Amino acid sequence: MCMTKPYMFLMCVVLDPFNPTVGIDVYLQPLIDNLKKLWRDVLTYDVSRKQNFMIRVILIWTINDFPAYDMLSG
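Throughout this description, residue numbers start from 1 for each chain and increase along the sequence as written. Predicted model: local features are reported for residues with pLDDT of at least 70 only, side-chain atom pairs are reported and counted for 80 or more only, and whole-chain, interface and lining totals are derived from all residues. Computation of side-chain values covers all heavy atoms of the structure but excludes hydrogens and water.

Overview of the overall build of the protein chain
Line of reasoning, step 1. Think of it this way: any DSSP run of H or I at least four residues long counts as a helix, any run of E at least two long counts as a strand, and we number them from the N terminus. If you tally the helices and strands in the protein chain, you get 2 helices and 2 strands.
Line of reasoning, step 2. Its helices and strands taken in sequence order, the protein chain reads α-β-β-α from the N to the C terminus.
Line of reasoning, step 3. A buried classification covers 5% of the 74 residues belonging to the protein chain.
Line of reasoning, step 4. Looking at the protein chain alone, contacts between residues at least 24 apart form 17% of all its contacts between residues at least 6 apart.
Line of reasoning, step 5. Residue burial considers only the protein chains on display, and all accessible areas are found by Shrake-Rupley using a 1.4 Å probe. When the accessible surface of the protein chain is split by element, carbon and sulfur atoms take 64% of a total near 7000 Å². Buried residues are those whose accessible area, probed at 1.4 Å on protein chains only, stays under 20% of the maximum for their type, while exposed residues exceed 50% and partly exposed ones sit between those limits. We call two residues contacting when some pair of their heavy atoms lies within 4.5 Å.

Shown next as structure tokens:
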């Protein structure tokens, strides 16, 4: 269920005809803030079990081309 289209979303797309290296922090900061907040245990509700539970979220992978990979990895 978690891998079906209604439950997947794209967090950030950088559209720039030039290399956005200088301003990449502007695009990535909201993502970093959300990931830091979700790394700590967050109280979540499970509809199927009808109960609350603690969840911790982590970014597993990113999909990008090699120039973007080089830019993101520093």
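Anyway, onward from the coordinates.
Considerations on the pattern of salt bridges
Line of reasoning, step 1. One side-chain nitrogen of Lys or Arg within 4 Å of one carboxyl oxygen of Asp or Glu is enough to make a salt bridge. Under the defined criterion, the tally for this structure stands at 1 salt bridge.
Line of reasoning, step 2. Across the pair Arg56 and Asp41 runs a salt bridge whose closest N-O atoms are separated by 3.4 Å. With Arg56 in the loop between β2 (51-55) and α2 (66-73) and Asp41 in the loop between α1 (24-39) and β1 (42-46), this pair connects stretches of sequence that are 15 residues apart.

Topic: the pairing of β2
Line of reasoning, step 1. Here 5 bridges tie β1 to β2, and the two strands are oriented antiparallel to one another. The residue bridging Leu43 from the neighbouring strand is Met54, located in β2.
Line of reasoning, step 2. Count of turn residues in the β1/β2 antiparallel hairpin: 4 residues, of which Lys50 carries a positive phi of about 55°. Strands qualify as paired when DSSP identifies two bridges or more between them.

Regarding the environment of Lys36
Line of reasoning, step 1. Residue placement: Lys36 occurs in helix α1.
Line of reasoning, step 2. Sequence-wise, Lys36 and Ile58 are 22 residues apart; in three dimensions their C-alpha atoms are separated by 8.9 Å.

Quick notes on a nonpolar patch on the surface
Line of reasoning, step 1. Here the term patch refers to residues with relative accessible area over 30% and no salt bridge, with like charges joined within 9 Å and nonpolar side chains (Val, Leu, Ile, Met, Phe, Trp, Tyr) within 5 Å. A surface patch of nonpolar side chains, amounting to about 670 Å² of accessible area, comprises Trp39, Ile58, Ile60, Trp61 and Ile63.
Line of reasoning, step 2. Judged by its relative accessible area of 56%, Ile58 is exposed.

Some words on the confidence of the model for the protein chain
Line of reasoning, step 1. Residue-level pLDDT values for the protein chain average 76, and 64% of them are 70 or greater.
Line of reasoning, step 2. On a scale of 0 to 100, pLDDT captures the predictor's confidence in every residue. Looking at the elements of the protein chain, mean pLDDT is at its lowest for α2, recorded as 71, and at its highest for β2, recorded as 92.

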